[in-house]
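Observations on the three-dimensional arrangement
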Amino acid sequence: MRRIPVLLGMLSLTCTVAAADSAGGWVSLPGGVFRSALELPDAPDGTRIPAFELARTPVTNREFLDFVRSHPRWRRDRVPAVLAESRYLAHWAGPAELGSTALPEQPVTWVSWFAAEAYCRSQNARLPTWNEWEYAAAADALRRDARSDPAWRETILAWYSRPSTQPLPAVGADSANAYGLRDLHGLVWEWVEDYSALLVSADNREQGAADSLEFCGAAALSTSDRDNYAVLMRVAMLSSLEGAGATANLGFRCARSP
Amino acid sequence: MVTRTAIFLLALALAAGCGSSKPQGDVDGETGGSAKGDFGPPQGEPVKAVLTAPPMVPPPTGRSAPAKVVVELEVIEKEMPISEGVTYTFWTFGGTVPGSFIRVRQGDTVEFHLMNAPDSKMPHNIDLHGVTGPGGGASSSFTAPGHRSRFTFKALNAGLYVYHCATAPVGMHVANGMYGLILVEPPEGLPAVDREYYVMQGDFYTTGRYREKGHQPFDMQNAIDEHPTYVLFNGSEGALTGDRALAAKTGENVRLYVGNGGPNLISSFHVIGEIFDKVWFEGGTRFQENVQTTLIPAGGAAMMDFHIEVPGSYVLVDHSIFRAFNKGALAILKADGPENKAIYSGKEVDEMYLGDRALPNLAAVATAAAAAKTGDLTVEQQISAGKALFAGTCSTCHQADGRGLEGVFPPLARSDWFAKDRLRVPTAILQGVQGKVTVNGKDYNSIMPPMNQLTDDEVANISTYVLNSWGNAGGRVTKAEAAAIRKGIKPQGAEH
Amino acid sequence: MMRPACITTCLAIAAVCALPDTTYAVEAALPSDSVYQLDAMLVDQSARPLRFRDLRGKPRLVTMIYTQCKYVCPMIVDCVKALERELTPAERLRIGFVLISMDPKRDTPAALQEVMTTRHLNPAAWTLLRPDAAGLRGIAGVLGVRYRALADGEFNHTTELVLLDADGRILARSALIGGRADPGLLAAVRAALSP
């Protein structure tokens, strides 16, 4: 008879843990050889990505607020201009206060690369590289690489066609992809460690134009997969940003190497 | 005598010299293009460009010397109606589709500021077809959301030019409405007109069908396959109709600056009821005269002048006509003013015209028509009239003797199909017949198209003729019954 | 028995001696737009460690290269040397030329020292630095340099010559490289060095 309450207790504990896993926490990814949608002349057969861990969801306002409180250098009224532009965390009611327009479970936006990088370091983590991000984001709900599926592309494109006037939903609301990660698409753009490695021509029609001098011996990156608009647009977005820059639709999540 | 000849010759020479107004240039009549388009450094104070929202056009620059012109254009991503009850997320220059109209003069130095609204999702840039330089400005104007960029160019070529966003994927940015026009006036300016309007055609691709309600997302596959859902002037159905129609008055000269943003389709631009007195085809320097329909390439433009003589609604269309009537490529120019019957009279006569029914053996139809008017139409008269009408319309398939064609068209002679219900005859005439039918023991599975071009009298008369011919049991169908069937109402009673 | 005045004086002196080194407190606060706000650790060609902000104190012309680069980087060094030649000997000592490596794996202090020697760079004016891997992207970020590490260890990168004032604020930048110094950049350098 006494076993039943114990069992129920364990069951409820498991459920709580499972529920907690739907937001926050880390997902292990096995890595492997991955072919980018970008034409990488130095890695035509793909890049080897070592196993790594990626945060399940983007960093939230609440998590970033904790960081700002314990690292006051990153308050918007104290951060140096060279590390964050003037609109850094502009959507918060105060330097260390969210207010009603910045809900705790929304992904944090208006963050610069330097701030995102500092946050991840404070968690003994780092930002994911572009390769790692692209690899994790190639999955849909069932498959690890859904990139050739037109339906996958259409769902991603649908996000681009929705206007930004609606408030951002909370993280974790989206269903998990095949790895268990959420919100890689459809919520916010995300910083990567090597955002400035996306050497693309500012006129994106010049696919692979040979201005070798501009990038020291290389032409601008082009896409090998013209149909992969999701990647194209993400690359265009990241390549338009400076490290101190921030936008209303740009957040981040962290990664760890085991 | 000599003096008069001399004077005459002098006058002739002067007239020849003064007659032409050639554009400046080296070779006879040529402008010399960009090589001759640099009129030196800007003079005077910098000018802030007047930008207008479509369909309005900024006033002529009125300048006679090159100036520095500052253009500030903001990219705004916003949801707007594309048709009644249908919304779409447009990406816009200046908040409108097409984007703001920019007007400068050849030789001007343009300092171009491109701003990208902070809540934009995407980075954007701009390629102006009037710019000589890499990407038309695109490589120098790549702007992240919440930022601004600036570049400067000299407008070396006169003409009417398209501008559009060139960020990858370019087709999507253009399909979402990121295009507009920049007019680079020739140094001597354009001839004056009474009204100037800005119209731009574009094709739009949604996942839903034409006029399917709700918010419609962009459909990349349809765009690649070049299957537009909408083809529109100025970004939405009804943008230039009803109380938003373009306005003009009789006696005025109207100029249209018409662009085609594409992304895919070429426009066969025509104004119903008007002829273009002058078309600067492709937005260039030369004009053609007396043109009905002009081609405007995707990513191109044209300018046309026409003089309005007669009041009315003139419909701007893409004469690839299904685009106008089934995809929305339709706009109205409403001209008010006094009638001019000498130019256009309106409808003068509306009489019956019987065509080949005027032949003697169709006199029966005329008799029946007359009798119907007086109310004493007899069955015999109906049969006679019906017989005349049957020949030529129905006999083609069912044969003059009602025999039909074995396996293809059912017989009408001694037909068991309408024996029990005479109203099946007028119903078949008005609604057509589809699918399998069994007549006199044989199956037929063709399609009889509806003959609803026939009037109610004609349907009644033909039906009566059929019911009384080739061994059928008789009966009659009245005009009222035919009218009811046309309306879809079941007629009262079922006389046999 | 000491007089009260003497005791007070002694106590005062003792108190002052007990204070921490006050030179730090006297130094002006680093401006908000100074690149040295970025905290990063580096070592120079003599294996001496320093913090990024230790470069503060004189105007610096900074660029990023890597020693194995055969293409544009040698031209970058040429360009900076050409600019150096345009300056008077006195001016040359008032500015610092800083080459920061984007290849911390291979550009050891020894490799950096080799560049100093083969290119005949004056150690009184030139500093070659190798950042810690963790701080590399950040340094490139504040300087506005974009780079990509290739699979074979090479790099694709943009070219930026960045002129910093003594406090680390960016005064001018140039992407022009060639045999001669960019006249615009040269003018900016002279302006920065004028007293």
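Refer to the structure printed above.
Residues numbered from 1 in each chain as written. Chains lettered and ligands numbered in written order. Predicted model: local features only at pLDDT ≥ 70, side-chain atom pairs only at ≥ 80, totals over all residues. Heavy atoms only, no water.

1. Examining the pairing of strand β3 (residues 86–93) of chain B
Residue and element names in this part refer to chain B.
- Burial analysis of β3 places 7 of its 8 residues in the buried class, which makes it a mostly covered element.
- The pairing of strand β2 (residues 68–83) with β3 spans 8 bridges and is classified as antiparallel. By the bridge assignment for β3, P81 is matched with T87.
- Once β2 ends, the chain turns through 2 residues before running back antiparallel as β3, passing G85 with a positive phi of about 80°.
- Relative to strand β11 (residues 214–216), β3 runs parallel, the two being bridged by 3 bridges. Each residue of the ladder has a partner; that of Y88, found in β11, is Q216. (Buried < 20%, exposed > 50% of the residue type's maximum accessible area, 1.4 Å probe, protein only. Helix = DSSP H or I, 4+ residues; strand = E, 2+ residues; numbered from the N terminus. Pairing = 2+ DSSP bridges.)

2. A short note on the packing of helix α4 (residues 130–137) of chain A against helix α6 (residues 229–239) of chain A
Residue and element names in this part refer to chain A.
- Their axes nearest at 12 Å, the elements α4 and α6 cross at an angle of 150°. The pairing of α4 with α6 is recorded here as roughly antiparallel in orientation. Our pair here, α4 against α6, has a crossing hand that is right-handed. From α4, W130, W133 and E134 reach across to α6, where they touch V231, R234, V235 and L238. (Axes fitted to C-alpha atoms, helices over the stretch in contact; angles between N-to-C directions. Parallel < 35°, antiparallel > 145°, perpendicular 65-115°, else oblique. Left-handed = near helix turned anticlockwise from the far one by under 90°. Contact = heavy atoms within 4.5 Å.)

3. Brief notes about the interface of chain A and chain C
- Across the contact, 30 residues belong to chain A and 27 residues belong to chain C.
- Of the roughly 2,200 Å² buried between chain A and chain C on both sides combined, carbon and sulfur atoms contribute 58%.
- Our count for the chain A to chain C interface comes out at 2 salt bridges.
- The interface formed by chain A and chain C holds 9 residue pairs in polar contact (both at pLDDT 80 or more) in total. (Buried area = accessible area lost by both parts, 1.4 Å probe. Salt bridge = Lys/Arg side-chain N within 4 Å of Asp/Glu carboxyl O. Polar contact = N/O pair within 3.5 Å; in protein donor to acceptor, adjacent residues only side chain to side chain.)

4. Focus: the sheet that holds strand β12 (residues 230–233) of chain B
Residues and elements named next belong to chain B.
- Reading across from one edge, β12-β10-β14-β19-β16-β17 is the order of the 6 strands in this open sheet, with mixed pairing throughout. The open sheet is flanked by β12 and β17 (288–291), the only strands paired with a single partner. Shown here is a sheet whose adjacent strand axes are inclined to one another by a mean of 25°, direction ignored.
- One ladder, built from 8 bridges, connects strand β10 (residues 195–204) with strand β14 (residues 253–262); its direction is parallel. Bridging from a neighbouring strand, E196 pairs with R255 of β14.

5. With respect to the state of the cysteines
- Tallying each qualifying case throughout the model produces 2 disulfides over all chains.
- Residue C120 of chain A pairs covalently with C254 of chain A via a disulfide, S to S 2.0 Å. Judged by the torsion about the S-S bond (-85°), the C120 of chain A/C254 of chain A disulfide is left-handed. Linking C120 of chain A in helix α3 (residues 113–122) with C254 of chain A in the loop between β8 (250–251) and β9 (255–256), this pair joins segments that are 134 residues apart in sequence. Exposure class is identical for C120 of chain A and C254 of chain A. Each is buried.
- At a sulfur-sulfur separation of 2.5 Å, the disulfide partner of C69 of chain C is C73 of chain C. On the S-S bond that ties C69 of chain C to C73 of chain C, the torsion sits near 85°, and the link is right-handed.
- Judged by relative accessible area, C69 of chain C falls into the buried class, the value being 4%.
- Under the relative-accessibility criterion, C73 of chain C is labelled buried at 3%. (Disulfide = S-S within 2.5 Å.)

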